[in-house]
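# Breakdown of the fold
Below are the chains, spelled out letter by letter.
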Amino acid sequence: MHQDDNTNCGIRICEHASCGRVMEANKDFAVGEEILSEKPFVTFRDNVDLIRKVLLMSDDNQEVFFDFHHLQTLDGEEVAPECAESYRPHWADAQRLAVARNGIALLVGSEKVSQTFFFKILTVASMNSHRFYGQHNAAFADIVGGTCHEGACAALFQLGSKVTHSCRPNCMYSSKRKPGHGDYIAILPICNGDLITFNYVSTHTASTETRRDQLLRQKNFFCMCDKCVRPDYNRGIACEKCKATPSSSSASSLPSVKLCVREDSVSSPLWTCLCCGDDDTPRNLRHEGIVNAWMTSFKASIASGVQPQHIADVREQVEVAEKQLCRTHHLVLELYSTLSMVAASVAVCLEQGLPILSEKYRVISMVASCDFIQIVECMAAECLRGAECTASHPPQADAVQQVLWSCMDAQKCGSNVKDTCPTVLRCLDLAAKYRSQLIVTYGGQDEDVHCILRMMVYQRKNSSSLAARGFTTTTVGSVSSSALSSCANPICVELNCGNSPLLKCAQCLAVAYCCVSSQRAHWKLHKKICKQKKQKK
């Protein structure tokens with residue numbers, strides 16, 4: 001590697017033999033630690049907005065802009081075969097924009113516009129842009145629903161664009177932590193000299209074939225990360241020859257599962273059993289085809305609305321798919337996501353007229369969400385124990401949304417269900433586990449995140465009552481009842497809350513906080529109590 005002089009916040013920009021310019025750690029980073037916080041080089045709402053802003057840039061800034069990685073072409077007629085799929089849609093868009101280039105040029109008083117010029121701008125945006133929220137208060141529905149919030153746009157970051165791709169990333173991106181900034185947060189321990197990576201595609205729970213196809217079409221490269229070159233644990237299938245009998249050869253025994261060991265766009269997939277070596281690929285493809293066909297048919301059947309019977313249909317298909325495929329197969333994961341969505345939709349339809357029945361379906365949705373989260377964590381850990389897995393795997397970015405949804409289902413249940421249902425407690429335990437990821441993803445000021453934090457506080461206060469009623473539960477977030485053993489701000493949004501040393505209130509010495517900002521945020525509530533305790537002393 002060739003190293004530039006550029007160093008910032010523990011990172012450096014290097015030249016990598018196969019990846020080009022990349023970001024490398026200049027020190028060790030712990031999980032939850034901020035790697036980089038950067039203001040965008042340019043923000044834009046659509047292609048025309050970006051073109052106008054580029055045309056208005058100074059020559060120096062235009063030089064910086066075109067230094068971002070983009071597809072190279074001289075005249076738009078010849079392009080390398082491997083670039084063809086990424087190249088065609090951008091060239092077509094550039095051609096349409098070029099028809100109106102005189103109007104755009106008049107708006108900015110510039111004449112240096114051409115189809116090739118537009119093409120370069122569009123490919124820079126396609127290959128380097130991040131979704132960007134300039135403010136904290138974007139609505140949850142806008143974040144997860146794909147609609148464009150008033151504060152949402154796209155952004156280009158000079159340093160952030162050098163973070164390379166991995167289907168098993170060591171950091172996550174968020175523009176929800178600080179207004180006007182894009183932040184990269186470590187989600188795995190990072191050592192000095194490691195590449196900083198995050199996932200360019202929407203999910204890493206898809207099959208290797210799907211991820212590679214998406215990256216080739218959208219980002220113009222064939223992924224060879226360590227996850228993609230290994231057997232595909234997202235596409236495991238139970239081995240019928242071994243009768244799916246767990247191996248007892250070791251303490252960490254694995255079921256007899258066939259893993260897909262070859263996936264590319266040229267050759268057919270190839271499965272091999274971990275135990276017996278069986279490779280009945282045609283049968284495996286047939287099993288996948290049956291589940292895929294059922295999913296297509298089911299989605300068409302619920303297009304006009306969901307019914308309670310649909311829940312039973314999905315449950316039945318989940319049982320069949322888990323037997324024919326494997327619990328950690330990406331199609332089984334999709335079925336659990338569908339079950340959660342259908343049950344929640346039925347609950348919404350019934351909550352006005354039949355609230356008790358609505359709560360029943362919300363619990364079904366929560367159970368499906370919890371199973372979804374467990375499968376995602378097992379996928380990432382390459383764990384094939386399935387439903388028998390009792391290990392505590394690290395949190396995963398692909399599960400954060402489902403954690404939020406499960407807690408929202410719990411919040412809408414009545415107090416009787418909240419206090420007594422073990423599934424609600426399981427959801428809140430997951431929320432405690434994913435606390436930092438929720439704050440990074442949706443922002444510390446998000447109303448839904450605050451609602452979840454308040455629910456966790458409520459559960460902690462009622463944990464003794466629940467135990468008295470015969471329910472086995474743990475204190476959410478593993479927070480002690482002692483005022484000096486945990487942060488006194490019950491809805492603290494600091495990422496390292498719970499892990500950092502506590503600071504006592506200098507006035508009353510009766511409570512403690514994880515940091516100064518948390519104490520300031522809680523001062524309005526603590527002020528009166530603080531004075532009373534100080535007077536007693």
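Everything below is about the structure printed above this text.
These remarks concern the structure in this document. (Residues numbered from 1 in each chain as written. Predicted model: local features only at pLDDT ≥ 70, side-chain atom pairs only at ≥ 80, totals over all residues. Heavy atoms only, no water.)

## Some words on the overall build of the protein chain
We apply this condition: The numbering of helices and of strands both runs from the N terminus, where a helix is a DSSP run of H or I of at least 4 residues and a strand a run of E of at least 2. Whether a residue is buried, partly exposed or exposed follows from its accessible area with a 1.4 Å probe, protein chains only, as a fraction of its type maximum: under 20%, in between, or over 50%, in that order. When checking whether two residues touch, look at their non-hydrogen atoms; a contact exists if any pair is within 4.5 Å. Using a 1.4 Å probe, accessible areas were evaluated by the Shrake-Rupley method; residue-level cover was limited to the displayed protein chains.
Of the regular secondary structure elements, the protein chain holds 18 helices and 16 strands. Buried residues in the protein chain amount to 49% of all 537 residues. Expressed as a percentage of contacts within the protein chain between residues at least 6 apart in sequence, the contacts between residues at least 24 apart total 64%. Accessible surface, the protein chain: about 26,000 Å² in total, of which carbon and sulfur atoms supply 51%.

## Structural notes on the sheet that holds strand 9 (residues 171–174)
Put simply, the test is: The criterion for strand pairing is that DSSP finds at least two bridges linking the strands in question. Note on geometry: axes are C-alpha line fits, over the in-contact stretch for helices, and angles between N-to-C directions span 0 to 180 degrees.
Here 3 strands make up an open sheet; going across it, the order is 4-10-9 and the pairing antiparallel. The open sheet is flanked by strand 4 (34–38) and strand 9, the only strands paired with a single partner. Looking at each pair of strands side by side, their axes are set apart by 15 degrees on average, direction ignored. Bridge count between strand 4 and strand 10 (residues 182–186): 4 bridges; the pairing is antiparallel. Following the sheet pairing, Ser 37 is matched in strand 10 by Asp 183. Relative to the sheet, helix 15 (residues 435–442) contacts strand 9 and strand 10, its axis offset from that of strand 9 by approximately 40 degrees.

## Some points on the pattern of salt bridges
Selection criterion: One speaks of a salt bridge when a side-chain nitrogen belonging to Lys or Arg is within 4 Å of a carboxyl oxygen belonging to Asp or Glu.
In total, this model carries 15 salt bridges according to the counting rule given. Among the ionic pairs, Arg 21 bridges to Asp 67, the shortest N-O distance being 2.7 Å. Residue Arg 21 is found in strand 3 (residues 20–25), and its partner Asp 67 is found in the loop between helix 2 (59–65) and helix 3 (84–99); the two are separated by 46 residues along the sequence. By relative accessible area, Asp 67 is classed as partly exposed at 41%. One salt bridge connects Asp 371 with Arg 327, and the closest N-O pair in it is separated by 3.4 Å. In this pair, Asp 371 is assigned in helix 11 (residues 355–381) and Arg 327 in the loop between helix 9 (308–324) and helix 10 (330–350), connecting sequence segments 44 residues apart. Comparing Asp 371 with Arg 327, the two get one shared label, buried. Each of Arg 168, Asp 226, Arg 230 and Glu 382 takes part in one network of salt bridges that share partners.

## Brief notes about unusual backbone geometry
A positive phi angle, close to 55 degrees, is found at Glu 382, a residue other than glycine. If you trace the backbone, Glu 382 turns up in the loop between helix 11 and helix 12 (400–412). Judged by relative accessible area, which is 19%, Glu 382 ranks as buried. Positive phi values are uncommon outside glycine, yet Leu 509 reaches one of about 60 degrees. Mapping Leu 509 onto the fold places it in the loop between strand 15 (503–504) and strand 16 (512–513). Of the residues examined, Leu 509 reaches a relative accessible area of 46% and is grouped as partly exposed.

## Let's talk about the packing of helix 10 against helix 11
As a reminder of what qualifies: Note on angle classes: values under 35 degrees are labelled roughly parallel, values over 145 roughly antiparallel, values of 65 to 115 roughly perpendicular, and the remainder oblique. Take the far helix as the reference: if the near one is turned anticlockwise from it by less than a right angle, the crossing is left-handed, and if turned clockwise, right-handed. Classes in brief: Ala, Val, Leu, Ile, Met, Phe, Trp, Tyr, Cys and Pro nonpolar; Asp, Glu, Lys and Arg charged; the others, Gly included, polar.
Direction vectors running N to C along helix 10 and helix 11 enclose 160 degrees, while the axes themselves pass 8 Å from each other. Viewed along their axes, helix 10 and helix 11 adopt a mutual orientation that is roughly antiparallel. Judged by the sense of rotation from one axis to the other, the crossing of helix 10 with helix 11 is left-handed. A breakdown of the residues in the contact of helix 10 with helix 11 according to their chemical character gives 18 nonpolar, 6 polar and 2 charged.

## Here we look at a nonpolar patch on the surface
To keep it simple, the criterion reads: Exposure above 30% relative accessible area and no salt bridge define the residues that can form patches, which grow by joining like charges within 9 Å and nonpolar side chains of Val, Leu, Ile, Met, Phe, Trp and Tyr within 5 Å.
A contiguous nonpolar patch, built from Phe 222, Met 224 and Val 229 and spanning about 300 Å² of accessible area, is present on the exposed surface. Here Val 229 shows up in the loop between helix 7 (208–218) and strand 12 (232–238).

## Digging into the packing of aromatic side chains
What counts here: Each Phe, Tyr or Trp ring, with Trp reduced to its six-membered ring, pairs with another whose centre is within 6.5 Å; inter-plane angles below 30 degrees give stacked pairs, above 60 give edge-to-face pairs, and intermediate values give tilted ones. Remark: a charge is flagged as sitting over a ring if the NZ atom of Lys or the CZ atom of Arg is within 6 Å of the ring centre and within 35 degrees of the ring normal.
Tallied over the entire structure, the rule returns 10 aromatic pairs. Between Phe 41 and Phe 68, the ring centres sit 6.0 Å apart and the planes meet at 45 degrees, which makes this aromatic pair tilted. Here Phe 41 is found in the loop between strand 4 and strand 5 (42–44), whereas its partner Phe 68 is found in the loop between helix 2 and helix 3, with 27 residues between them in sequence. Looking at Phe 68, the relative accessible area reads 4%, which means it is buried. Taking 5.1 Å as the distance between ring centres and 90 degrees as the angle between the ring planes, the aromatic pair formed by Phe 65 and Phe 66 counts as edge-to-face. According to the relative accessible area criterion, Phe 65 is buried, its value standing at 0%. Within the aromatic cluster, the residues linked to one another by ring pairs are Phe 132, Phe 157, Tyr 173, Tyr 184, Phe 198, Tyr 200 and Phe 221. The side chain of Lys 162 reaches across the aromatic face of Phe 68, ending 5.5 Å from its centre.

## Considerations on helix 9
To keep it simple, the criterion reads: Every helix has an expected span of 1.5 Å times one less than the residues it contains. By construction, the arc corresponds to the directions joining the helix axis to the C-beta atoms.
End to end, helix 9 covers 25 Å across 17 residues, agreeing with the expected 24 Å (1.5 Å per residue, within 8%). All of the buried residues along helix 9 are His 310, Ile 311, Val 314, Gln 317, Val 318 and Ala 321. Mapping the buried residues of helix 9 onto a view down its axis gives an arc of 130 degrees, with all of them on the same face. Exposed residues lying more than 90 degrees from the buried face of helix 9 are Gln 309, Glu 316, Glu 319 and Lys 323.

## Details of the side chain of Ser 369
For Ser 369, the location among the structural elements is in helix 11. Among all residues touching Ser 369, those that are not within four sequence positions of it are Ser 340, Gln 402 and Ser 406.

## Points about the environment of Arg 177
The topology assignment puts Arg 177 in the loop between strand 9 and strand 10. The class for Arg 177 is partly exposed, based on a relative accessible area of 22%.

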